[in-house]
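Here are the chains, one letter per residue:
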Number of protein chains: 2
Amino acid sequence: MAKVCADSICKIELLRALSPEVRDCLLSRARTRDVKRGETLSWQGDRAETLKIVTRGWVKLFRVSEEGHEAVVNTLGHGQSFDEVPALLGGESAVSAEAITDATVLMLNLSDICSCTNARAELSQAVLSAAQIHMNSMTNQIEGLKIKTATQRLGEFLLQQSGEHDGLRSFVLPFGKVVLAGMLGMKPESLSRAFSRLKDVGVCSAGGRVEINDPATLRDWMLQQSIR
Amino acid sequence: MAKVCADSICKIELLRALSPEVRDCLLSRARTRDVKRGETLSWQGDRAETLKIVTRGWVKLFRVSEEGHEAVVNTLGHGQSFDEVPALLGGESAVSAEAITDATVLMLNLSDICSCTNARAELSQAVLSAAQIHMNSMTNQIEGLKIKTATQRLGEFLLQQSGEHDGLRSFVLPFGKVVLAGMLGMKPESLSRAFSRLKDVGVCSAGGRVEINDPATLRDWMLQQSIR
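Residues numbered from 1 in each chain as written. Chains lettered and ligands numbered in written order. Predicted model: local features only at pLDDT ≥ 70, side-chain atom pairs only at ≥ 80, totals over all residues. Heavy atoms only, no water.

Asker: Help me out: how do you make sense of the packing of aromatic side chains in this one?
Answerer: Here a ring pair, both rings aromatic, is described through the centre-centre distance and the interplanar angle of the planes. All names here are of chain A. Summed over all chains, the structure comprises 4 aromatic pairs over all chains. Centroid distance tryptophan 58 to phenylalanine 175: 5.3 Å. Interplanar angle 70°. Geometry classified as edge-to-face. Of this pair, tryptophan 58 sits in the loop between strand 3 (51-56) and strand 4 (59-64) while phenylalanine 175 sits in the loop between strand 9 (169-172) and helix 6 (177-183), and the two are 117 residues apart along the sequence. We classify tryptophan 58 as partly exposed; its relative accessible area is 21%. (Phe/Tyr/Trp six-rings, centres within 6.5 Å; stacked < 30°, edge-to-face > 60°. Helix = DSSP H or I, 4+ residues; strand = E, 2+ residues; numbered from the N terminus. Buried < 20%, exposed > 50% of the residue type's maximum accessible area, 1.4 Å probe, protein only.)

Structure (structure tokens):
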């Protein structure tokens, strides 16, 4: 694993936060796992033995409610991690994880920790930073679910995907519309209606391809929306 | 502050996780703040200088969206803490905090850390545990907002408040219905409709008092609800 650090893996924020010694030591004991779309990586309630970082493709985190319904909690792409805190403290995963495209995941065992000086303190710091990022992202998501309409949530997701620059933007959705609807907290038919509404502000969608005529127009429209 | 540890403060989970030396040292430098209902404790985006623990009354955490709408992110009662990670890492608060009843908050300065052995390591561990609890609670909230109806979310909140035991349960809502509606992600008029619907399963509400005729009946009803 040592030479993977020559490529994009070392640019991942969580790993950049570590000293080269601790990072190389951790990576030398890491495993990578290639999974097919639809394959489950880990289950809610299982002991989280590793911190996991997505290095290719997309993974959804989900929960199944007591009533048997699935809620997509988040979707993670390149460089995004999960199970950090339980991997460090020895707890259980709060969510299940499934590949929603073919994907590769780097699995880091934090308890089998190397003897480098400061490894534990560095990892605590890196995991705390990752926890902070997750909490901010979840707070954004809760804010959106509570006070934004489904169409506003779709508009925000599309602006993020487009990179938020101005001028015509065209891109392919990273995963299917059923997962996207679940991620945004709506049924697939509501997602279709939300896409229809966004046509008026220059958003076209055909198959998995989306074109935003002018992101500035879309942003202005979103700011004018009133509370649902 | 040393003798406060004789009372309920030392039973607070985050403080129990510390050794007596580190806890006493931290508490000896703590400040308490009494606030009136409606008073703001801290602002989103400000540097979080202290970890805060609610020791009396209730506090809401909220965000104001770009469009100017308020989203209640959480409501915290006795023993619940916030701003743990930014207080330790020196970051900004992700939320604003306001007292929704008269309240007392214990403010702990983690950066002005005492010279006890292991203080930093113990605090990191305690803050990581607190972060895990927050993430689990936010994951539950996201799951509820995505796949449960407003009435189901109200039913769950009432069961939590009732202590979930069987037999007639009667209790007073801890804060007003406008905050409760915001917390559950609905408008006040939707909250009234949700209370009306729950009458059929034995939930009566008058003023701030709620009676659940039989929590088991309410739980059964919730399990039978289909996805919204």
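Asker: Sorry if this is basic, but what is going on with the domain arrangement of chain A here?
Answerer: Much of the literature gives interface size as the accessible area that the parts lose upon coming together. Residues and elements named next belong to chain A. Taken domain by domain, chain A comprises domain 1 (2-146) and domain 2 (148-224). Computed over C-alpha atoms, the centres of domain 1 and domain 2 are 27 Å apart. Contact residues are listed per partner, giving 12 residues for domain 1 and 9 residues for domain 2. Both sides of the domain 1 and domain 2 interface together cover about 880 Å² of buried area, and 67% of this is carbon and sulfur. At the boundary of domain 1 with domain 2, the tally comes to 0 salt bridges. Summed over the shared surface of domain 1 and domain 2, the result is 1 residue pair in polar contact (both at pLDDT 80 or more). For the side of domain 1 that touches domain 2, the secondary structure elements donating two or more residues are strand 5 (70-76) and helix 4 (119-147). Among the elements that line the side of domain 1 that touches domain 2, the one with the most residues is helix 4, at 5 residues. Looking at the side of domain 1 that touches domain 2 residue by residue, the classes come out as 5 nonpolar, 5 polar and 2 charged. (Domains from an automatic or database assignment. Contact = heavy atoms within 4.5 Å. Buried area = accessible area lost by both parts, 1.4 Å probe. Salt bridge = Lys/Arg side-chain N within 4 Å of Asp/Glu carboxyl O. Polar contact = N/O pair within 3.5 Å; in protein donor to acceptor, adjacent residues only side chain to side chain. Nonpolar A, V, L, I, M, F, W, Y, C, P; charged D, E, K, R; others polar.)

Asker: Can you help me understand the sheet that holds strand 1 (residues 31-35) of chain A in this one?
Answerer: Within a sheet, each strand pairs with its neighbour through backbone hydrogen bonds, oriented either parallel or antiparallel. All names here are of chain A. The strand order across the open sheet formed by 4 strands is 1-8-3-6, and the pairing between neighbours is antiparallel. Since the sheet does not close on itself, it has two edges, and those belong to strand 1 and strand 6 (81-82), each with one partner. In this structure, strand 3 lies alongside strand 6, joined through 2 bridges in antiparallel fashion. If you follow isoleucine 53 over to strand 6, its bridge partner there is serine 81. (Pairing = 2+ DSSP bridges.)

Asker: Hey, could you run me through the interface of chain A and chain B in this one?
Answerer: On the chain B side, the residues contacting the 49 residues of chain A number 49 residues. Here chain A and chain B share an interface that buries about 4,100 Å² over both sides, 66% of which is from carbon and sulfur atoms. Counting across the chain A and chain B interface gives 2 salt bridges. For the salt bridge of Glu143(B) with Arg63(A), the shortest nitrogen-to-oxygen distance reads 2.9 Å. Elements supplying a minimum of two residues to the side of chain A that touches chain B: strand 4, strand 5, helix 3 (84-89), helix 4, helix 6 and helix 8 (215-224) of chain A. The biggest single contributor to the side of chain A that touches chain B is helix 4 of chain A, with 20 residues.

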